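Structural characterization, general
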4 protein chains.
Amino acid sequence: MASSLSSKQFVRGPRSDGGAGFGFHVSDPRKLFPPTLHISFRRTAPPRKLQVQAVGSTFGNFFRVTTFGESHGGGVGCIIDGCPPRIPLTEADLQVDLDRRRPGQSRITTPRKETDTCRIYSGVTEGLTTGSPIMVKVPNTDQRGHDYKEMSIAYRPSHADATYDFKYGVRSVQGGGRSSARETIGRVAAGAVAKKIIKAFSGTEVLAYVSQVHNVVLSEGLVNHETLSLEEIESNIVRCPDPEYAEKMIAAIDAVRVRGDSIGGVVTCIARNVPRGLGSPVFDKLEAELARACMSLPATKGFEFGSGFAGTLLTGSEHNDEFYIDKNGRIRTRTNRSGGIQGEYLMGKS
Amino acid sequence: MASSLSSKQFVRGPRSDGGAGFGFHVSDPRKLFPPTLHISFRRTAPPRKLQVQAVGSTFGNFFRVTTFGESHGGGVGCIIDGCPPRIPLTEADLQVDLDRRRPGQSRITTPRKETDTCRIYSGVTEGLTTGSPIMVKVPNTDQRGHDYKEMSIAYRPSHADATYDFKYGVRSVQGGGRSSARETIGRVAAGAVAKKIIKAFSGTEVLAYVSQVHNVVLSEGLVNHETLSLEEIESNIVRCPDPEYAEKMIAAIDAVRVRGDSIGGVVTCIARNVPRGLGSPVFDKLEAELARACMSLPATKGFEFGSGFAGTLLTGSEHNDEFYIDKNGRIRTRTNRSGGIQGEYLMGKS
Amino acid sequence: MASSLSSKQFVRGPRSDGGAGFGFHVSDPRKLFPPTLHISFRRTAPPRKLQVQAVGSTFGNFFRVTTFGESHGGGVGCIIDGCPPRIPLTEADLQVDLDRRRPGQSRITTPRKETDTCRIYSGVTEGLTTGSPIMVKVPNTDQRGHDYKEMSIAYRPSHADATYDFKYGVRSVQGGGRSSARETIGRVAAGAVAKKIIKAFSGTEVLAYVSQVHNVVLSEGLVNHETLSLEEIESNIVRCPDPEYAEKMIAAIDAVRVRGDSIGGVVTCIARNVPRGLGSPVFDKLEAELARACMSLPATKGFEFGSGFAGTLLTGSEHNDEFYIDKNGRIRTRTNRSGGIQGEYLMGKS
Amino acid sequence: MASSLSSKQFVRGPRSDGGAGFGFHVSDPRKLFPPTLHISFRRTAPPRKLQVQAVGSTFGNFFRVTTFGESHGGGVGCIIDGCPPRIPLTEADLQVDLDRRRPGQSRITTPRKETDTCRIYSGVTEGLTTGSPIMVKVPNTDQRGHDYKEMSIAYRPSHADATYDFKYGVRSVQGGGRSSARETIGRVAAGAVAKKIIKAFSGTEVLAYVSQVHNVVLSEGLVNHETLSLEEIESNIVRCPDPEYAEKMIAAIDAVRVRGDSIGGVVTCIARNVPRGLGSPVFDKLEAELARACMSLPATKGFEFGSGFAGTLLTGSEHNDEFYIDKNGRIRTRTNRSGGIQGEYLMGKS
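Residues numbered from 1 in each chain as written. Chains lettered and ligands numbered in written order. Predicted model: local features only at pLDDT ≥ 70, side-chain atom pairs only at ≥ 80, totals over all residues. Heavy atoms only, no water.

Going by an unreviewed UniProt entry, chain A carries the name Chorismate synthase and comes from Nelumbo nucifera. The UniProt entry for chain A carries this comment under Sequence similarities (unreviewed entry): "Belongs to the chorismate synthase family." As recorded by UniProt, the Pathway (unreviewed entry) comment attached to chain A reads in full: "Metabolic intermediate biosynthesis; chorismate biosynthesis; chorismate from D-erythrose 4-phosphate and phosphoenolpyruvate: step 7/7." (UniProt positions renumbered as here; feature names shortened; annotations may be inferred.)

Take a look at the structure:
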């Protein structure tokens, strides 16, 4: 059986990249934040710079990713440490997923144009990984400085500029760029490598699709998690494998898009052929690591696993995934309310 | 303003502590798991023991907690590393929260009787922390071996015994005990210390209450997050600050309890007076760390922050928390849909 | 071939445990540190307690040890996380090494009497590890408060009390206890477990002996690293496998011991049957991790690997360990100046 | 007072960068390693690539450096995470130290020509750090593929190619490049940033000089650690502040250089104005972290602190650094045998 999780985040809309902005929606930014206010932030910065600050740009223990770069600057990317040696890897392998992430692919995404062409600078020789750190960099092409002029005056509601200014004494245009969707380029590149490894190691497949946009909610049974393919997901611009619902979702996005607004949605992710016994107790258990990873994505506000919040409407006995032994003598569960995770481990495909 | 998050987990019911069991619900365990099957697991164990396994019993960077112990054995507890020196601390400080956690406090919790009396073995001298690791241990009193006899034969559905057996080649009674609610004793002790530190440092308060039990959902406006007190939460056995809803929740639990069943619910947690700028980009951002911590609790299946999943029904412009400057000239937001977190940082109380 | 390293540290002498003291050697402590000075330290403590402090009581990634406890308090020990499951383990396994560490075993060690009886509180069931954290605790028996009375007034030269007081605003008797040799009890217990694992996994053996005491330096060729046994090392109270030199070393210690003084020495450690390819580039390379571990021991002031500092007297071509293929067609090196480590990895026994 | 440590490593000689080679010194590599042997290594690689491997390219907790790149490939560099915001930083700041590291500066270093011109790609805007990760990259210019042809056949003694091949199934030319001195470019860049921070924060200065080359040992008293300046160190090509000994050292290197050989030496490092109380017990104590950092440098075989190995010739009472109070009422020690570290902390300048 496959395990599934879903995390709510904003579907890529005109400003879903967190870098472009609601700025012009603020009635009169100058009233809210007179320059003096800004200068005062600047003033408070110096003492701050002596504080010890936690660092948070690294993820993973064995397969460790460290990302760098902001929406504006020389480029974005990552160092992938712990990749096994002698795995075939080319820039093309990463480009596939980087292109899927890239804004400007269709009318429902941000008009911002980016050509996220990656280059691998280390860790790969003659098409094979060497076991050394893999550094991947994508140059920043579209600087769009002009769009950000007003930000030097106003904070954009629900954006990172205010908080970055409070914390670092710098404006979002630079520092806040870390909270931009462009930071995820390094994650996407690392994810592409990770998918190659787990596919080769255990035939594990990870797929994700849009299961809700605003109030358009894909019905439970319409997607077969056993047979779902990337092609089905990619068959439309909103990436919902059900054509009929895909149309409804696109219509919903178009409706707000023309108003220069955006709407949220839910992404459902499934993992197939997961090695039995994956994960570790207790703080690093799989649910916790997956939740941390998903919630660290910009604009993500919720995460659920298996039955998720709906599970509250079940009793313990209803919620149980009963064991049985299939005709091949393998242990399976008749249901998957625990999302394939029981106790602390993923039981995965039996 | 206060920030809030909610995570769904099973309210303590007859068997919600993950250690007591559905075992007897399995029609005929021996049919499902003939001894031969067990022996085969045992057989496959030795090679497994040479595998490198991730370790996951440690949480935190500056204030680091490492928990130990299972539901059965010499005891449970933790080592708290990184506690500042010269903070007044006694076992009584920890006992308050350990008593709140303890099962057997009322009819709606597991009948299991435990007297979780803690002792501090290091890091505290003459009532003051020394800056050295604080080791806290709670002995295991109620062994209840008799309840677990049958587990040596059957796996309990949706419990950890099967997965522990798959992974470690040991039965849940021992190894699986790590997935028991008793493991959380170490977290509760560490949390009590943490609460003292943040209260002294920045007046920060963290409170949590039950906002849903099965289909009894506490209405939004009924709890004032600005004034909510621990006393209100403790005023009833289900820990819902609204007396009327508390009664409904208790009734819902009683209804299934008499059938020897359990039901799920939602816990809402709020933090007040949070230092502005708390948290770090990008993987360790506050939402991610909180999600990881909550999802690492046994039986927790979902986590949301601020508007959470409901936020999907808002448009970007509706979801914005607009800034304004209050009469004291402080920057505030009129709403708190982002749960107090904007960009990657908690803005907390302005 | 075996690899070897040596680290200089004080042989256990009358006060080598860092906890007992030079205190009474200070001519007139009150002159050095008038009480007022103390009070001023106390005063400066409170602000300090709000500082973020690094935590350093945890070592290791896959096999992770977190120690707790000071020379005075409820006890000392550790949590061992990441121990493979189903490994036979009893308290007796740990007690062997704990007894070897224990002071008061002979006339040349501190007179301090301790009975370091350990107990395992978690992670082991029916004589087998479960894969869960193993908590080991040794109670503190000999409090010797009387010896420390004067310390409440004077700092002991080259001891930790002054620095702990500067840093934490607490006296060495409590906080400084972490720099006492008693802290190493947790390491010894974890090391005993580690030795069982690597012995079972790859037949790897780790042995250490005293190769120098003051100016008594054991000649190079006298110990055969291929055949050296623990029995030879344990054959005398100074733990030098060569009986003749052992006598000289004991005599050197006795000479200063009667004056109530202590002297330093060198411990040489060898590892046999080390798996080829052990270790990781670059910051965690084996030499670096071993150096960190050895230098973190109290009173250790130097570390060298293979040819060590003497290697400076060789030219690059002289220093090379030339490869050859032995009669079994295995790759070996004719010499071991690199201490078995070439590039970043231990080649170990071929 | 200043604290000092010394770590033995090879002075940069014709092949001290670990990337250039002894290869042509091997009498007849083809005899030692027939191609068949190689193929067999290749064969054993695939299973290896599924192993979990430790990752070791990251150093530090608050100020965290992750390096990438090998001697051959697109480039080398690092990501610096945790740098405080609003610190003035330009590429020129890093270039100074990168130029000092660069081979080919004088006749006594490797003839290899490199122009290590760095570029900062993120984390700095308008000459100020933003608090975001700083990615620094230096392109590889001198590929020198021709020098390495024969390495596709032979292992170089005491180099990393054999071990990398054993471990990763790749040849040193690529993977082994991580053990090349070029990997240290990322460390040098990060070190330059670190030096700016500690200088601004606490006026802390870190200086290092060559104190021994082969059998030319600089006498103890000749360098004044209180007044030593970078200019004195840079006044000659061997970086020994004493002109007379510098000449002797250069002569010693020239003597072996003309034979195409290299010799080792000792680098002494001092830190001035170190904040009192720096460091953390117990595994992360300053001596341990410094030892780890130094021993992780290629070709380093020894590390000592304060009195170091020579301290073994002192008795405990001789070794003590006695406290006294200077005319300004500050606590100082009359000697510095403990290298400024007492207990577990650096007391630094009093």
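**Things to note about the pairing of strand β9 (residues 205-213) of chain A**
Residues and elements named next belong to chain A. Bridge count between β9 and strand β11 (residues 264-272): eight bridges; the pairing is antiparallel. Paired with glutamate 205 across the bridge in β11 is arginine 272. The turn linking β9 back onto strand β10 (residues 216-217) is made up of two residues, and histidine 214 within it adopts a positive phi angle of 50 degrees. (Pairing = 2+ DSSP bridges. Helix = DSSP H or I, 4+ residues; strand = E, 2+ residues; numbered from the N terminus.)

**Structural notes on the packing of helix α3 (residues 91-101) of chain D against helix α6 (residues 184-202) of chain D**
All names here are of chain D. The interhelical angle for the contact between α3 and α6, taken along N-to-C directions, is 135 degrees, at an axis separation of 9 Å. On the basis of their axis angle, the class for α3 and α6 is oblique. In the packing of α3 onto α6, the handedness of the crossing is right-handed. For the pair formed by α3 and α6, the contact residues are Asp93, Leu94, Asp97, Leu98 and Arg101 on the first element and Thr184, Ile185, Val188, Ala189, Ala192, Val193, Lys195 and Lys196 on the second. Here the contact of α3 with α6 is built from residues that sort into seven nonpolar, one polar and five charged. (Axes fitted to C-alpha atoms, helices over the stretch in contact; angles between N-to-C directions. Parallel < 35°, antiparallel > 145°, perpendicular 65-115°, else oblique. Left-handed = near helix turned anticlockwise from the far one by under 90°. Contact = heavy atoms within 4.5 Å. Nonpolar A, V, L, I, M, F, W, Y, C, P; charged D, E, K, R; others polar.)

**Concerning unusual backbone geometry**
Here the bond from A:Pro281 into A:Val282 is cis, since omega is -15 degrees, no more than 30 degrees from zero. For A:Val282, the location among the structural elements is in the loop between β11 and α8 (286-295). Although it is not a glycine, B:Ala299 adopts a positive phi angle of roughly 70 degrees. Secondary-structure assignment places B:Ala299 in the loop between α9 (286-295) and β12 (302-305). Within the chain, D:Arg239 stands out as a residue other than glycine whose phi angle is a positive 60 degrees.

**Side note on the sheet that holds strand β3 (residues 64-68) of chain C**
Residue and element names in this part refer to chain C. Ordered by their spatial adjacency, five strands build an open sheet running β2-β3-β4-β8-β5, and the pairing between neighbours is antiparallel. Since the sheet does not close on itself, it has two edges, and those belong to β2 (58-59) and β5 (119-120), each with one partner. In terms of strand pairing, β5 meets strand β8 (residues 134-139) through two bridges, oriented antiparallel. Looking at the pairing, arginine 119 lines up with lysine 137 of β8.

**A look at the sheet that holds strand β3 (residues 64-68) of chain B**
All names here are of chain B. The five strands are arranged β2-β3-β4-β8-β5 in an open sheet whose pairing can be described as antiparallel. Across the chains shown, the open sheet's two edge strands, defined by having one partner strand only, are β2 (58-59) and β5 (119-120). The pairing of β3 with strand β4 (residues 75-81) spans five bridges and is antiparallel. Directly across from phenylalanine 68, in β4, lies its bridge partner glycine 77.

**Description of the pattern of salt bridges**
Applying the stated criterion to the full structure yields 70 salt bridges over all chains. A salt bridge links A:Arg272 to A:Glu205; the nearest nitrogen and oxygen atoms lie 3.2 Å apart. Of the two residues, A:Arg272 is situated in strand β11 and A:Glu205 in strand β9; the sequence distance between them amounts to 67 residues. A relative accessible area of 10% means that A:Arg272 is categorised as buried. Since its relative accessible area comes to 27%, A:Glu205 is described here as partly exposed. A salt bridge links B:Arg292 to A:Asp284, with the nearest nitrogen and oxygen atoms 2.4 Å apart. Pair noted here: B:Arg292 is in helix α9 and A:Asp284 is in the loop between β11 and α8, and the two residues belong to different chains. The pair formed by B:Arg292 and A:Asp284 is uniform in burial state, with each residue classed as buried. One continuous salt-bridge network, built from bridges that share partners, spans A:Asp284, A:Glu289, A:Arg292, B:Asp284, B:Glu289 and B:Arg292. (Salt bridge = Lys/Arg side-chain N within 4 Å of Asp/Glu carboxyl O. Buried < 20%, exposed > 50% of the residue type's maximum accessible area, 1.4 Å probe, protein only.)

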